[in-house]
Amino acid sequence: EPYTVKQIVDIYKMISKLSGPNGIIRQTEFFVYSDRDREAIEKCMELGLKFPEITTWIRATKEDFRLVRDLGIRETGILVSCSDYHIFKKMKMTRKQAMDYYLATVADAFEAGVVPRCHLEDITRADFYGFVVPFVNELQKLSRQAGIPVKIRACDTMGYGIPYTEAALPRSVAGIIYGLQQYSDVPSECLEWHGHNDFYKAVVNASTAWLYGACAVNCSLLGIGERTGNVDIITMAMNLFTHGVDPQLDFSDMPKIVECYERLTGMSVGYRQPYSGHLVFAAFSGSHQDAIAKGMHFREEREEKYWTVPYLPLDPHDVNREYETDVIRINSQSGKGGISYILEHNFGYDLPKEMATEVGYFIKGISDHAHKELTPSEILVAFQHEYQNKDEPIALQDISWLREGGSTVADVTLAIGSQLFYLSARGNGPLDAVSNVLKIANPDIKYQFVDYEEHALETDSDSLASAYVVIADDEGNHYWGVGVDSDITMASVYALITAVNRENKVKQFIPTHD
């Protein structure tokens, strides 16, 4: 249903904000037929905004021209259909009759002191040299006589335009813009393009028109318009931005723009809508996630000036999107690179390479079993539950160390099930001593210490350390454990106990010493 006055005013204010300080969104169009239309215009004019300038679209009558002038509006659009489909079938006129009618209408606009903007409807199906050029030449004569400029809008009403320079008229977008400039002397500042998206070429055709000399391109927010819509201003502008041309429009909060659009229009933005859709930065594919994660690391390490991350045409932060929730998305098709990136970028865990592979398969298995995408918080909970500070069946109750004769003695209290065990063992260092304690607790525990890594865990809380331990059983199977504590030595102990506990998930643990 038609917009309310408040909706129109809110949309106008949003467009003005997007326009930026230089008024890149130069003008906007309003109807003037109903009381609601005129009230909306008056409310928008009361805002005193410099941009966008309020113009109108009216019927070609003297009364409407006077109405526009009385509202204090400088410029108005006039429909001047130029294809035989419209002239013969809709207007029931000959070409000469249509041209005479249009010229008389434009003369009325000049008489009312209004700048006419002539909308050459259906130009990509018109006889360009037989009707369009002669007609526009007559418009130019009237303009010179009146001392008032006339604007020309080339309207690809059905989206038949083609961006290739080799295309013949009237389909050639470049040819239309070139022809209007060269054969009808239309200056660039008075020439604009209006496209439709029926054949999915609205943005590329508009870009071609702009490159070949059209000073302005008609756009709508997210392509809203008749049938398949018009040129989406977001896609048009962001295409320029990603190719090194700053459109000077304010898209710094794309989620807010989408929210306003959906709230004010009652329509939804497609999840794959370029630049603004919910999933446009999302990577589910393992290979894509791995490339993005490596590209991000490379960029951070080299402090690169330009954006070069694979699979992302621009930095999501430029439009207020987040890597954590918008880029790396985890499901059963994801890879270890994406899962590792989430754990590191969101929560500070820098997994060893071999462990990252195992964790990747573990998390993907959860997603596959649940038939759902996993959020970063769900990934963290699953990771910590399986790998971090596990205390079943073995739980550390107390520990102390004594450095003695070049070695370390560990006095350890372990809880195994419902029993407590007080054990001591000697080793080359604290971790080796605890490892020997665990083997004393049950001689059937057989494992070899394979590797150990540690790092500071960057979180918003107190300073913590994260340690990673991997052990191997007699058959060569590896078991990883992660320990987190404010003390790095204790973190390594928790990591070792976790690894042993994870081994004992497979091999039942029965304590033999007290």
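Whatever comes next refers back to the structure up there.
Description of the structure in this document. Keep in mind the model is a prediction, meaning the values are calculated, not measured.

## Regarding the overall build of the protein
- Counting its secondary structure elements, the protein contains 17 helices and 13 strands.
- Relative to the compact-globule value of 24 Å for 514 residues, the protein shows a C-alpha radius of gyration of 35 Å, a clear excess of over 25%.
- Oriented by its inertia axes, the alpha-carbon framework of the protein measures out at about 110 × 50 × 40 Å.
- Accessible surface, the protein: about 24800 Å² in total, of which carbon and sulfur atoms supply 51%.
- Taken as two groups, the 48 positive and 72 negative side-chain charges of the protein have centres that lie 11 Å from each other.

## A word on the side chain of Asn 230
- Of note, Asn 230 is situated in the loop between strand S7 (216-218) and helix H9 (233-242).
- Discounting chain neighbours no more than four positions away, the residues touching Asn 230 are His 194, Gly 195, His 196, Asn 197, Ala 202, Ser 220, Gly 223, Ile 224 and Gly 225.

## Examining the packing of helix H6 (residues 128-146) against helix H7 (residues 173-184)
- The geometry of H6 relative to H7 is characterised by a closest axis approach of 10 Å and an angle of 50° between their N-to-C directions. Classified by the angle between their axes, H6 and H7 sit oblique to one another. Note on packing geometry: the crossing formed by H6 with H7 is right-handed. Between H6 and H7, the contacting residues are Phe 128, Tyr 129, Val 132, Val 133, Val 136, Asn 137 and Gln 140 on the first element and Gly 175, Ile 176, Gly 179, Leu 180, Tyr 183 and Ser 184 on the second.
- Counted by class, the contact of H6 with H7 contains eight nonpolar, five polar and no charged residues.

## Notes on the pattern of salt bridges
- Counted under the stated rule, the structure contains 27 salt bridges.
- Note that Asp 250 is salt-bridged to Lys 17, the shortest N-O span being 3.0 Å. With Asp 250 in the loop between H9 and helix H10 (254-265) and Lys 17 in helix H1 (residues 5-19), this pair connects stretches of sequence that are 233 residues apart.
- One connected set of salt bridges, linked through shared partners, spans Arg 26, Glu 29, Glu 53, Arg 74, Glu 75, Arg 117, Lys 151, Arg 153 and Glu 192.

## Things to note about the pairing of strand S12 (residues 464-472)
- Within S12, eight of the nine residues are buried, which leaves the element mostly enclosed by the surrounding structure.
- By the bridge criterion, nine bridges tie strand S11 (residues 448-457) to S12 in an arrangement that is antiparallel. Within S12, the position partnered with His 455 by the bridge is Ser 466.
- What sits between S12 and strand S13 (residues 478-485) in their antiparallel hairpin is a turn of five residues, with Gly 476 showing a positive phi close to 85°.

## A word on the pairing of strand S2 (residues 53-58)
- As paired strands, strand S1 (residues 27-30) and S2 are joined by four bridges and run parallel to one another. Bridge pairing in S2 places Thr 28 opposite Ile 54.
- Each parallel crossover has a hand, and the one from S1 via helix H2 (residues 35-46) to S2 is right-handed.
- Pairing of S2 with strand S3 (residues 75-79), which is carried by three bridges, proceeds in the parallel orientation. Note that in S3 the partner of Trp 57 across the bridge is Gly 77.

## Quick word on the environment of Ser 285
- Within the element layout of this structure, Ser 285 appears in the loop between H10 and helix H11 (286-302).
- In this structure Ser 285 comes out as partly exposed when scored by relative accessible area, which is 28%.
- For Ser 285 and Glu 392, which are 107 residues apart along the polypeptide, the C-alpha to C-alpha distance reads 35 Å.

## Brief notes about unusual backbone geometry
- Cis peptide bonds are those with omega within 30 degrees of zero, and the linkage from Phe 51 to Pro 52 qualifies with -10°.
- Examined against the element boundaries, Pro 52 turns out to sit in the loop between H2 and S2.
- Of the consecutive residues Leu 169 and Pro 170, the connecting peptide bond is found in the cis state with omega at 10°.
- Here Pro 170 is to be found in the loop between strand S5 (151-156) and H7.
- With phi around 70°, Tyr 275 is a residue other than glycine that occupies positive phi space.

## Some thoughts on helix H16 (residues 430-441)
- Between its first and last C-alpha atoms H16 spans 17 Å; for 12 residues at 1.5 Å apiece the expected length is 16 Å, and the two agree.
- Residues Leu 431, Ala 433, Val 434, Ser 435, Val 437, Leu 438 and Ala 441 constitute the buried set of H16.

## Structural notes on the packing of aromatic side chains
- Applying the stated rule across the entire model yields 13 aromatic pairs.
- With 5.8 Å between their ring centres and 85° between their planes, Phe 31 and Trp 57 make a pair best called edge-to-face. Of this pair, Phe 31 sits in the loop between S1 and H2 while Trp 57 sits in strand S2, and the two are 26 residues apart along the sequence.
- Since its relative accessible area comes to 45%, Phe 31 is described here as partly exposed.
- Taking relative accessible area as the criterion, Trp 57 reaches 25% and is therefore assigned partly exposed.
- Connected via pairs of aromatic rings, a cluster forms that spans Tyr 101, Tyr 102, Phe 131 and Phe 135.
- Residue placement shows Arg 171 over the ring face of Tyr 160; its charged tip is 4.8 Å from the ring centre.

## Some thoughts on the environment of Gln 384
- With respect to the helices and strands, the residue Gln 384 is situated in helix H15 (residues 376-387).
- For the pair formed by Gln 384 and Tyr 12, sequence separation is 372 residues and the distance between their alpha carbons is 50 Å.

What counts and what doesn't
- Residues numbered from 1 in each chain as written.
- Predicted model: local features only at pLDDT ≥ 70, side-chain atom pairs only at ≥ 80, totals over all residues.
- Heavy atoms only, no water.
- Helix = DSSP H or I, 4+ residues; strand = E, 2+ residues; numbered from the N terminus.
- Rg over C-alpha atoms; globule rule 2.2 N^0.38 Å.
- Areas by Shrake-Rupley, 256 points an atom, 1.4 Å probe, with all protein chains shown as cover.
- Lys, Arg positive; Asp, Glu negative; His and termini not counted.
- Charge placed at Lys NZ, Arg CZ, Asp CG, Glu CD.
- Contact = heavy atoms within 4.5 Å.
- Axes fitted to C-alpha atoms, helices over the stretch in contact; angles between N-to-C directions.
- Parallel < 35°, antiparallel > 145°, perpendicular 65-115°, else oblique.
- Left-handed = near helix turned anticlockwise from the far one by under 90°.
- Nonpolar A, V, L, I, M, F, W, Y, C, P; charged D, E, K, R; others polar.
- Salt bridge = Lys/Arg side-chain N within 4 Å of Asp/Glu carboxyl O.
- Buried < 20%, exposed > 50% of the residue type's maximum accessible area, 1.4 Å probe, protein only.
- Pairing = 2+ DSSP bridges.
- Right-handed = clockwise from strand over helix to strand, strands pointing away.
- Expected span 1.5 Å × (residues − 1).
- Phe/Tyr/Trp six-rings, centres within 6.5 Å; stacked < 30°, edge-to-face > 60°.
- Lys NZ or Arg CZ within 6 Å of the ring centre and 35° of its normal.

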